[in-house]
Amino acid sequence: MNGLMDIKAPSVRRRRLPEWFRVPAPGSEGYRALKNLMRGLNLHTVCESARCPNIGECWNSGTATFMILGDVCTRSCGFCAVKTGRPESLDTEEPERVAEAVQTMGLRHAVVTSVNRDELPDGGARIFAETICAIRRLCRHTKVEVLIPDFQGNWQALRVVIEAAPDILNHNVETVPRLYKTMRPQAKYDRSLALLKRAKAMARGMPTKSGIMVGAGETPTEVRQTIRDIADCKTDILTIGQYLQPSAQHVPVARFYHPDEFLDLKQFALTLGFRHVESGPLVRSSYHAADQVT
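Residues numbered from 1 in each chain as written. Predicted model: local features only at pLDDT ≥ 70, side-chain atom pairs only at ≥ 80, totals over all residues. Heavy atoms only, no water.

(A) How the structure looks around the packing of helix H6 (residues 155–163) against helix H8 (residues 189–202). Contact geometry for H6 and H8: axes closest at 11 Å, N-to-C directions at 45 degrees. Our classification of the angle between H6 and H8 gives oblique. As H6 packs across H8, the resulting crossing turns out to be right-handed. Between H6 and H8, the contacting residues are Trp155, Leu158, Arg159 and Ile162 on the first element and Arg191, Ala194, Leu195, Arg198, Ala199 and Met202 on the second. In terms of residue class, the contact of H6 with H8 is built from 7 nonpolar, no polar and 3 charged. (Axes fitted to C-alpha atoms, helices over the stretch in contact; angles between N-to-C directions. Helix = DSSP H or I, 4+ residues; strand = E, 2+ residues; numbered from the N terminus. Parallel < 35°, antiparallel > 145°, perpendicular 65-115°, else oblique. Left-handed = near helix turned anticlockwise from the far one by under 90°. Contact = heavy atoms within 4.5 Å. Nonpolar A, V, L, I, M, F, W, Y, C, P; charged D, E, K, R; others polar.)

(B) Quick look at the state of the cysteines. If you walk through the whole model with that rule in mind, you get 0 disulfides. Left without a disulfide partner, cysteine 73 is nearest to the cysteine sulfur of cysteine 77, which lies 6.3 Å away. Classification of cysteine 73 as buried rests on a relative accessible area of 10%. Here cysteine 80 is not cross-linked by a disulfide; its sulfur's nearest cysteine counterpart is in cysteine 77, at 6.2 Å. (Disulfide = S-S within 2.5 Å. Buried < 20%, exposed > 50% of the residue type's maximum accessible area, 1.4 Å probe, protein only.)

(C) Structural detail: the pattern of salt bridges. As enumerated under the stated definition, the model contains 13 salt bridges in all. Note that glutamate 119 is salt-bridged to arginine 117, the shortest N-O span being 2.6 Å. Accessibility expressed as a relative area gives 41% for glutamate 119, which makes it partly exposed. When salt bridges that share partners are traced, they join Arg75, Asp118, Asp150 and Arg191 into one network. (Salt bridge = Lys/Arg side-chain N within 4 Å of Asp/Glu carboxyl O.)

(D) Expanded view of the nonpolar core. Judged by nonpolar contacts, the single largest core of 44 residues is most densely connected at Phe66, Phe128, Ile135, Val146, Ile148, Val161 and Leu169. Elements represented by at least two residues in this core include exactly helix H1 (29–40), strand E4 (65–68), helix H4 (94–105), strand E7 (109–114), helix H5 (125–138), strand E8 (143–147), H6 and H8. Here this core takes 7 residues from H5, the largest share from any one element. If near-sequence neighbours (up to four positions away) are discounted, valine 146 is found in contact with Val112, Phe128, Ile132, Val161, Pro166, Ile168, Leu169 and Asn170. In this structure, Ala187, Val214, Ile240 and Ala269 belong to the second largest nonpolar core, which totals 22 residues. (Core = buried A, V, L, I, M, F, W, Y, C linked by side-chain atoms within 4.5 Å.)

(E) Geometry of the environment of glutamine 245. For glutamine 245, the location among the structural elements is in the loop between strand E11 (237–242) and helix H10 (259–271). According to the relative accessible area criterion, glutamine 245 is buried, its value standing at 1%. Distance in space between the C-alpha atoms of glutamine 245 and glycine 215 is 9.9 Å, their sequence separation being 30 residues. Among the polar contacts made by the side chain of glutamine 245, one reaches the main-chain carbonyl oxygen of histidine 250 at a distance of 2.9 Å. (Polar contact = N/O pair within 3.5 Å; in protein donor to acceptor, adjacent residues only side chain to side chain.)

Spatial relationships are all this shows, so hold off on functional conclusions.
Right under this line is the structure:
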């Protein structure tokens, strides 16, 4: 295999993956050390829980995306491999352990995301804020990016996160509005756009970011309109990646976009005013996140 593996994307009708879906296989010394660190600190990563195809590349190089608020999500999105159900009690010591991991890893850019915790009055916003502050206390020179849920439209919860002053605030729109019923049944397209608008209004100097997936059955016109909608929110950074079906129970892949199509989408998005666009088959929200900060 020469250190490479083919990404598996199970489907009701099994599809042959294009040749460009080859990634570094996990298992290096750096990968094992990072896995031991996460288990030792009882931390979760979206890399593992969401079965990210880039885990080999990122963990081999010593980077990971922290997933706070546990590993059980209150929502059941049609694209996501994270477990759904009733979460356990809130772990109030988690922020300090995340900060300890960031310090141990020597990260210059830390990305923190979470499951949805819709049963909490603030959706977990306080823990996000405490995690940002804990990282800043231990790692003064580390930039902190947060990928937040929509907090069910609780804008005071959004303010709690923003007042902790993350370096980048990310909220993914994920897909075109027509596919929300299957891809994000407990979310609302307009609510996600409203969050991006409000975040920019609350902190104009703070870069905002969003991302979408393609390949789940959307049309080219829908994709471009969604990119326009995100741009209209004055969003600074956009990520565009290929949707991969994590299991037979999830929404099937409709088609695989060619790398040239991702390049075309990137060029289109840049004409709309985005400061940075990361677009490619293997792109995910935190992929090469440190390189997006200027």
